[in-house]
Amino acid sequence: MPTIAIVGAGPQLGLAIARTYGTHGYNVALIARNRAKLEDLAGELAAEGIAAAAFPADVLDRTALTQALKDAAAHFGGVDVLEYSPVGGLQTVMTTPAATEPADVQHEMDFQLYGAIAATRAVLPAMQEAGAGTLLFTTGAGSVDPVPQIANVNAAAAALRNWVINLRKELDGTGVQAAHVAINVSIGTPAVPGFPTAQPEEISPAYWDLHTTKRDQAELVFSL
């Protein structure tokens, strides 16, 4: 059975992506910091007939993240799809462009760009050897159209977007696809009054489409 590894797996979008792939016969490797929460998610998926396992790691600890992905590949016999979507914003003080110091961007760069690079390096060589695989990276839509209130977060997200699109160019013709997903809605509950909100189950099919019928697409902006 093929396997998807979800980095930043949680009870909202991560779980929905796990269900979407799991119902198509995929094993699911769940990666995030909290082992107990991951095991709860794995148990929930198992009750639905989806093979899932927890591999705890903090994306800021790149050695641990690399090992978690290698452990997932050993456990399931490989990683066919990597989905990277940890949320670091709750630990970041948001800044406007004019007020931003280099340190205001650093945590988000560590979380978004550097973590994504480490995760990719853990799984890409095997995908290249096999001539098949999918790498999906998620940010907010501020990576495409930034907003002043969260300039430091948007800057790191834009750096990740740039790197993913460039990676896709490098991998062209190899059978391995890289794509960026920019989410232009609140997920589950409104984050800002009046801002569009979508349920995770409305968003997760886009990740399956990028892996299957839309492999020629470098980027998908999810909006309502």
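Scroll up to find the structure this text is about.
Every chain's residues receive numbers from 1 upward, in the order its sequence appears when written. Reporting of local features is limited, given that this is a predicted model, to residues whose pLDDT is at least 70; pairs of side-chain atoms are given and counted only at 80 or more, and all residues count toward the totals for whole chains, interfaces and linings. Remark: hydrogens and water are excluded; side-chain values derive from all non-hydrogen atoms of the structure.

Caption draft 1: Structural detail: the pairing of strand E1 (residues 3-7). Along E1, five of the five residues are buried, which leaves the element largely enclosed by surrounding structure. Summary of the burial criterion: residues with accessible area below 20% of their type's maximum are buried, those above 50% are exposed, and those between are partly exposed, where the area comes from a 1.4 Å probe applied to protein chains only. Strands are runs of DSSP state E lasting at least 2 residues, helices are runs of H or I lasting at least 4, and numbering of each runs from the N terminus. Here E1 shows a buried face lined by Thr 3, Ala 5 and Val 7 and a second buried face lined by Ile 4 and Ile 6. Note on handedness: a crossover is taken as right-handed if, strands pointing away from the viewer, the path from the first strand over the helix to the second is clockwise. For the crossover that starts at E1, traverses helix H1 (residues 13-22) and ends in the parallel strand E2 (residues 27-31), the hand is right-handed. The pairing of E1 with strand E4 (residues 81-84) spans four bridges and is parallel. Considered in E4, the bridge of Val 7 is made with Tyr 84. Pairing between two strands is assigned when DSSP locates at least 2 bridges connecting them.

Caption draft 2: Spatial organisation of helix H2 (residues 35-47). Under the 1.5 Å per step criterion, the end-to-end length of H2 is 18 Å for 13 residues, consistent within 8% with the ideal 18 Å. When we look at burial in H2, the residues that qualify are Leu 38, Leu 41, Ala 42 and Leu 45. Seen from one end, H2 has its buried residues packed into an arc of 100 degrees, which puts them on one side. For H2, the exposed residues set more than 90 degrees away from the buried face come down to Asp 40 and Ala 47. Buried residues along H2 sit in contact with H1, E2 and strand E3 (52-54). By the N-cap criterion, in which a side-chain oxygen at the helix start approaches the backbone nitrogen of a residue two or three places on, H2 is capped by Asn 34, the distance to Ala 36 being 3.0 Å. Between the first and last residue of a helix there are one fewer steps than residues, each counted as 1.5 Å, and that sum is the expected span. It is the directions from the helix axis to the C-beta atoms that the arc portrays. Every residue pair with non-hydrogen atoms within 4.5 Å of one another is taken to be in contact. The definition of a polar contact used here is a pair of N or O atoms within 3.5 Å, where within protein one atom must be able to donate a hydrogen and the other to accept one, and adjacent residues in sequence count solely through side-chain atom pairs.

Caption draft 3: Here's a closer look at the pattern of salt bridges. By salt bridge we mean one thing: a side-chain nitrogen of Lys or Arg within 4 Å of a carboxyl oxygen of Asp or Glu. Across all of its chains, the model carries four salt bridges by this definition. Here Arg 19 makes a salt bridge to Glu 48, at a shortest N to O gap of 2.8 Å. Remark: Glu 48 occurs in the loop between H2 and E3 and Arg 19 occurs in helix H1; sequence separation between them is 29 residues. Accessibility expressed as a relative area gives 24% for Arg 19, which makes it partly exposed. One salt-bridge network, in which partners are shared between bridges, spans Arg 19, Glu 44 and Glu 48.

Caption draft 4: Local environment of H1. Of all 10 residues making up H1, nine are buried, and the element is well covered by its neighbours. Every buried residue belonging to H1 is among Leu 13, Gly 14, Leu 15, Ala 16, Ile 17, Ala 18, Thr 20, Tyr 21 and Gly 22, and all of these are buried.

Caption draft 5: A look at the packing of helix H4 (residues 102-130) against helix H5 (residues 151-171). Their axes nearest at 7 Å, the elements H4 and H5 cross at an angle of 20 degrees. Between H4 and H5, the angle is such that the two are roughly parallel. Considering only the axes of H4 and H5, their crossing is right-handed. Contact residues: H4 offers Asp 104, Val 105, Glu 108, Met 109, Gln 112, Leu 113, Ala 116, Ile 117, Thr 120, Leu 124 and Gln 128, while H5 offers Asn 152, Val 153, Ala 155, Ala 156, Ala 157, Ala 159, Leu 160, Trp 163, Leu 167 and Leu 171. Under the scheme applied here, ten amino acids are nonpolar (Ala, Val, Leu, Ile, Met, Phe, Trp, Tyr, Cys and Pro), four are charged (Asp, Glu, Lys and Arg), and all others, including Gly, are polar. Across the contact of H4 with H5, the residue classes break down as 15 nonpolar, four polar and two charged. Helix axes use the C-alpha atoms of the stretch in contact, all axes being lines fitted to C-alpha atoms, and the angles between their N-to-C directions lie in the range 0 to 180 degrees. These descriptions rest on fixed angle ranges, namely under 35 degrees for roughly parallel, over 145 for roughly antiparallel, 65 to 115 for roughly perpendicular, and the rest for oblique. By convention, the crossing between two helices is left-handed when the near helix turns anticlockwise from the far helix through less than a right angle, and right-handed when the turn is clockwise.

Caption draft 6: Structural detail: the packing of aromatic side chains. Ring pairs shown here join Phe, Tyr and Trp side chains whose ring centres sit within 6.5 Å, with only the six-membered ring taken for Trp; geometry is labelled stacked below 30 degrees between planes, edge-to-face above 60, and tilted in between. Summed over all chains, the structure comprises six aromatic pairs. For the pair Tyr 21 and Tyr 26, a centre-to-centre distance of 5.3 Å together with 85 degrees between the ring planes defines the contact as edge-to-face. A relative accessible area of 10% places Tyr 26 in the buried class. Their ring planes at 85 degrees and their centres at 5.7 Å tell us that Phe 137 and Trp 163 sit as a pair that is edge-to-face. Here Phe 137, found in strand E5 (residues 133-140), pairs with Trp 163, found in helix H5; they are 26 residues apart in sequence, far enough to count as distant. Under the relative-accessibility criterion, Trp 163 is labelled partly exposed at 23%. Aromatic rings pair up to connect Tyr 21, Tyr 26 and Trp 208 into one cluster.

Caption draft 7: Broad picture of the environment of Gln 112. For Gln 112, the position within the fold is in helix H4. Note on Gln 112: relative accessible area 9%, which makes it buried. Taking the C-alpha atoms as reference, Gln 112 lies 26 Å from Leu 45; in sequence the two are 67 residues apart. Ignoring any residue separated from it by four or fewer positions in sequence, one finds Gln 112 in contact with Tyr 84, Thr 139, Val 153, Ala 156, Ala 157 and Leu 160.

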